[in-house]
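Next come the chains, spelled out residue by residue.
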Amino acid sequence: MSSDIRARFRVERQRFTLDIDLALPGAGVTALFGPSGSGKTTCLRAIAGLERAAGGYLAIGENVWQDATRGHFLPTHRRPIGYVFQEASLFSHLSVRANMEFGQKRAAPAVPRFSLPEIAEMLAISGLLDRHPEQLSGGERQRVAIARALLGAPQILLMDEPLAALDLKRKLEILPYLERLRGELSLPIIYVSHAPDEVARLADHLVLLDAGKVVASGSLNSVLARIDLPAVFADDAGVVIATRIAAHEAHQLTRLEFPGGAIFVSRHQQPPGTPIRCRIHARDVSLALHPPQHSSILNSVAAQVVDLAPTATPGHLLIKLDVAGTPLLARITQRSAENLGIRPGLALHAQIKAVALLA
Amino acid sequence: MDSADLNALWLTLKLASIVTALLLLIGTPIAWWLARTQSAWKGAVGAIVALPLVLPPTVLGFYLLLAMGPHGPLGRFTEWLGIGLLPFTFPGLVIASVFYSLPFVVQPIQNAFEAIGERPLEVAATLRASPWDTFWSVAVPLARPGFLSGAILGFAHTVGEFGIVLMIGGNIPDKTRVVSVLIYDHVEAMEYPQAHWLSGGMVIFSFVVLLALYTFNPARRREG
């Protein structure tokens, strides 16, 4: 695909050497995920041209921004990017409106896909335009910073832990806007984070970094469902599945459908058709050889064993399942696995004890 | 106050204004370079700029006099240009004052540039501002308190100089006789009332300048 992103960098740092070679999709949210010091931010800065990686190569679609073999390096101010830093970093000598117009003026003749009033509306900052940055809350500042980046008519949006400096309340205040952006902008977003909940909610594509190296790169679920890697989200092995509200049913339940099956959750306020992401932890999935008939567990789906691997917890195994194309992870004891005769290819039933709705 | 006093006052203000303007022009790039460079020369250049802070004005004046004299490099240059020698002229006084007041302008501006940090400049670059554009639209406005301090200190320090004026400019009425020198003359001539007028004026002027500095230059706002 011509709109893909190719990035190859090598940056020497005191604590680590970033050495990556990535092919990323030219649409959707790509999360760069890893512990601090893994090189996520350095990687993002290299894409922005803020970090000059020797021997680097970077192409966004057909535009080559950096190619060391030809001695080509496009300076940051000539790259059509939007960059949101961890701290909002608004210009303190300018009003909110002037901050937002800063990039817009300089992006000309490129025109942002949305006008200033539209973006202000989208991020709920219309009422703040005449204020000064120091009169805003942390969450408001970060929303202005996002708006400012978008008004620069970027071809790619780079976000460096935009929520990390905020407390939980502000975080929850901004996440819905980010989800909205993902939906309304047909703009690739590269999102650096070390927070599993943000990644699970926002990412379509996941790149795992550790000590400057790419550990895994793929669609969110294909990476989350890899059992050969140390659990991505620490102890919380599990998958994220994209579902859609199918119907609100009796007994205060809502039925969510996904390719491969349906699950019931407590009544949701959103109307049928609304997409919803669910996170299902491996520890909340148990296995049965026959369709469970006398069980209080509501959700049971037919699945096939793909693979199994030991977990960090002694005496437990992680089982990778395939539910008509949707991957699912289950964590069971080694003893149960032996009793049930779990092996790749075995058809069985996965019982889902709990579903975490994201959003 | 007689006309000699008024002339000296006018000359002093003219000198200080011209010197301040020149210092902002010369000092800003030096301050920017000092604030941003990682060159090994940073220390040496910073020390040279700061020399007038510690040297007696007579030492500085002595060497400037030699340099501007008929055998000095600056003197040969100005003679080659056909504008003659600078000592005991108003332009000579201006040049000497620029050297003398340089640190008072460079250091506040340098500090202000350093206080901005890397981030706002990076933000500007991600918003398509070229380095030149960034300098004018982000760095200078954010360093405004530093420019204000530098300009006020440079002006006031030039008004207050004495030793270097005597070394370079002498005491020529309407040309190089500034207020500080005139006060000395008055005192030597036992004209205490005139000396009082001018000295009192200097005290009030200095107080007002410093008051303005502290009033209009509140602690720098936190970056948003």
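Residues numbered from 1 in each chain as written. Chains lettered and ligands numbered in written order. Predicted model: local features only at pLDDT ≥ 70, side-chain atom pairs only at ≥ 80, totals over all residues.

A general feature of soluble globular proteins is that nonpolar side chains tend to end up buried together. Residues and elements named next belong to chain A. In this structure, Ala31, Ala147, Leu158 and Leu329 are the most contacted members of the largest nonpolar core, which totals 147 residues. In terms of domain composition, this core takes at least three residues from each of domain 1 (5-224) and domain 2 (238-358). Not counting chain neighbours up to four residues away, the residues in contact with alanine 147 comprise Met100, Ile119, Ala120, Leu123 and Ile125. (Core = buried A, V, L, I, M, F, W, Y, C linked by C-beta atoms within 7 Å. Buried ≥ 20, exposed ≤ 12 C-beta atoms within 10 Å, placed from the backbone. Domains from an automatic or database assignment. Contact = placed C-beta atoms within 7 Å.)

Attention now moves to the domain arrangement of chain A. Residue and element names in this part refer to chain A. Here chain A is described as being made up of domain 1 (5-224) and domain 2 (238-358). Facing the 5 residues of domain 1 at the interface are 7 residues of domain 2. Of all the secondary structure elements, the ones that give two or more residues to the side of domain 1 that touches domain 2 are α6 (196-202) and α7 (220-224). (Helix = DSSP H or I, 4+ residues; strand = E, 2+ residues; numbered from the N terminus.)

Residues and elements named next belong to chain A. The strand order across the open sheet built from 5 strands is β14-β13-β12-β15-β21, with neighbouring strands paired in antiparallel fashion. Of all the strands in the sheet, the pair left with one neighbour each is β14 (261-266) and β21 (356-358). Taken over all neighbouring pairs, the strand axes of this sheet differ in orientation by 45° on average, direction set aside. Both strand β13 (residues 253-258) and β14 contribute to a ladder of 6 bridges, which runs antiparallel. (Pairing = 2+ DSSP bridges. Axes fitted to C-alpha atoms, helices over the stretch in contact; angles between N-to-C directions.)

A word on the packing of helix α2 (residues 96-107) of chain A against helix α4 (residues 138-151) of chain A. All names here are of chain A. The contact between α2 and α4 brings their axes to 7 Å, and the two run at 30°. The orientation of α2 with respect to α4, classified from their angle, is roughly parallel. Note on packing geometry: the crossing formed by α2 with α4 is right-handed. Taken together, the residues of α4 that come into contact with α2 (itself represented by Val96, Asn99, Met100, Phe102, Gly103 and Gln104) are Val144, Ala147, Arg148, Ala149 and Leu151. (Parallel < 35°, antiparallel > 145°, perpendicular 65-115°, else oblique. Left-handed = near helix turned anticlockwise from the far one by under 90°.)

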